[in-house]
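Fold and geometry: a report
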Amino acid sequence: MKQATYIWAILILLTTTSFLLAKLPSLNNLSPNLTITFALTSGMIKFSLIFLYFMEMKKTHFAWRYLMGALLLTFIISIYWTL
Amino acid sequence: MTVSTKSTEYPQIFFPPGGLMIWIFILMELLVFFIAFVLYFAVQSENYQLFNRSQAELGHNLALINTLILITSGYLVVLANHQYLAKNLLRSIRLFQGATALGIGFVVIKIVEYSQKISQGLTTGINAFYDFYWTLTVFHLAHVVAGIILLLFIIFKLKRGGHFLDDDFGVETVSSFWHMCDLIWVFLFPIIYLI
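Notes on the structure follow. Everything numeric in this text was worked out from a predicted model, so none of it was measured.

Calculation criteria
- Residues numbered from 1 in each chain as written.
- Chains lettered and ligands numbered in written order.
- Predicted model: local features only at pLDDT ≥ 70, side-chain atom pairs only at ≥ 80, totals over all residues.
- Heavy atoms only, no water.
- Helix = DSSP H or I, 4+ residues; strand = E, 2+ residues; numbered from the N terminus.
- Buried < 20%, exposed > 50% of the residue type's maximum accessible area, 1.4 Å probe, protein only.
- Contact = heavy atoms within 4.5 Å.
- Areas by Shrake-Rupley, 256 points an atom, 1.4 Å probe, with all protein chains shown as cover.
- Phe/Tyr/Trp six-rings, centres within 6.5 Å; stacked < 30°, edge-to-face > 60°.
- Axes fitted to C-alpha atoms, helices over the stretch in contact; angles between N-to-C directions.
- Parallel < 35°, antiparallel > 145°, perpendicular 65-115°, else oblique.
- Nonpolar A, V, L, I, M, F, W, Y, C, P; charged D, E, K, R; others polar.
- Core = buried A, V, L, I, M, F, W, Y, C linked by side-chain atoms within 4.5 Å.
- Buried area = accessible area lost by both parts, 1.4 Å probe.
- Polar contact = N/O pair within 3.5 Å; in protein donor to acceptor, adjacent residues only side chain to side chain.

Turning our eyes to something else, we now look at the overall build of chain A. If you tally the helices and strands in chain A, you get three helices and zero strands. Ordered by position in the sequence, the α and β elements of chain A form the string α-α-α. Relative to its full complement of 83 residues, chain A shows a buried share of 39%. Contacts spanning at least 24 positions in sequence make up 54% of the contacts within chain A whose residues lie at least 6 apart. Summed over all atoms, the accessible surface of chain A reaches about 5200 Å², with 75% contributed by carbon and sulfur.

As structure tokens, this is what we get:
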């Protein structure tokens, strides 16, 4: 259940960050792609979790690690690319 | 008595959690929203300034609160499932009640937002953005209302002992549906309100 709590926290963090990036005057001079990156990463994490749940891969921890690693890598590359 | 419909004769993919039918339904719903998003981006690319101007008129703070509510509600459903599988029915009921209360909160906030928009005269037919805004958000809201009714049904069944007729409709079926509502909103929020 710790995993679920971490993922919940990550989703809240990503969504709130994308909102702040889009709406705060002091932050919205940053690339709009950054908002898209944060918002869509949040969606992709949620989508991946549902897909893994469908495939009943929730107990195969190695699959979680690979998936989360791939998502994190995509996220970092996207931020590097947009800044 | 619970009868398992699972068989070793067919691949596991035919027996996803909650039953195959709900996943076919979820796939179809996601396809509908995906097509709507593609159409939205196509129309937005031709009316970029209009979409930006209209987007600025929306209640962003309410939308953020709604997003946090739905994500938390989905989290509570995960915990409720865990407690149900661990045979802690009372805890499972409490968590499902929490998820339902948050779902009702989402609907109330949406009604407040809609009443603000209607009082400002921002309804369908004003421009292309508001056509998409009303169509997508009302369609999503209808799913949330259906999800709340299903959650209430599950709570009712759990309070009566948690016995379900078969494996094709139960806690996992409703949880899957609720996660779909959550997932759609996680995409809908940035597309309609932020990007």
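A few words on the packing of aromatic side chains. Residue and element names in this part refer to chain B. Under the defined criterion, the tally for this structure stands at 19 aromatic pairs over all chains. Note on tyrosine 40 and phenylalanine 132: the rings are 5.4 Å apart at their centroids and 85 degrees apart in plane angle, and the pair reads as edge-to-face. Of this pair, tyrosine 40 sits in helix α1 (residues 20-46) while phenylalanine 132 sits in helix α5 (residues 128-159), placing them 92 residues apart in sequence. A single burial state applies to tyrosine 40 and to phenylalanine 132, both of which are buried.

What follows covers the side chain of B:Asp182. The topology assignment puts B:Asp182 in helix α6 (residues 171-194). Of the residues examined, B:Asp182 reaches a relative accessible area of 1% and is grouped as buried.

Axes are the key here: two packed helices are described by the angle between their axes and the distance separating the axes. In the contact formed by helix α1 (residues 2-23) of chain A and helix α3 (residues 60-85) of chain B, the axes pass within 10 Å of each other and the chain directions differ by 170 degrees. Overall, the two elements α1(A) and α3(B) adopt an arrangement that is roughly antiparallel. Between α1(A) and α3(B), the residues in contact are A:Ala4, A:Thr5, A:Trp8, A:Leu11, A:Ile12, A:Thr15, A:Thr16, A:Phe19 and A:Lys23 and B:His60, B:Asn61, B:Leu64, B:Thr67, B:Leu68, B:Ile71, B:Thr72, B:Tyr75 and B:Val78, respectively. Within the contact of α1(A) with α3(B), the residues separate by chemical class into 10 nonpolar, seven polar and one charged.

Moving on, we come to the side chain of B:Asn81. Positionally, B:Asn81 belongs in helix α3. Ignoring sequence-local partners within four residues, the contact set of B:Asn81 consists of B:Val171, B:Glu172 and B:Ser175.

Considering soluble globular proteins, one finds that nonpolar side chains tend to be buried as a cluster. Counting 60 residues, the largest nonpolar core has B:Phe96, B:Phe129, B:Tyr133, B:Leu136, B:Phe189, B:Ile192 and B:Tyr193 as the members making the most contacts within it. For this core, the elements supplying multiple residues, two or more each, are α1 of chain A together with α1, α3, α4 (89-119), α5 and α6 of chain B. Top contributing element to this core by residue count: α6(B), with 16 residues. Once residues lying within four places of it in the same chain are set aside, the contact partners of B:Phe96 are B:Val77, B:Ala80, B:Leu151, B:Ile154, B:Ile155, B:Leu158, B:Val171 and B:Ser175. Core analysis: the second largest hydrophobic core is formed by 11 residues, A:Ile12, A:Leu14, A:Leu21 and B:Ile71 among them.

Glancing now at the interface of chain B and chain A. Contacts between chain B and chain A engage 32 residues on the former and 27 residues on the latter. Summing the contributions of chain B and of chain A, the shared interface buries around 2600 Å²; its carbon and sulfur component is 79%. Taken together, chain B and chain A are joined by two residue pairs in polar contact (both at pLDDT 80 or more). Put simply, the parts of the chain that give the side of chain B that touches chain A at least two residues each are α1, α3 and α6 of chain B. The leading source of residues in the side of chain B that touches chain A is α6(B), at 12 residues. Here the residues of the side of chain B that touches chain A sort into 21 nonpolar, eight polar and three charged.

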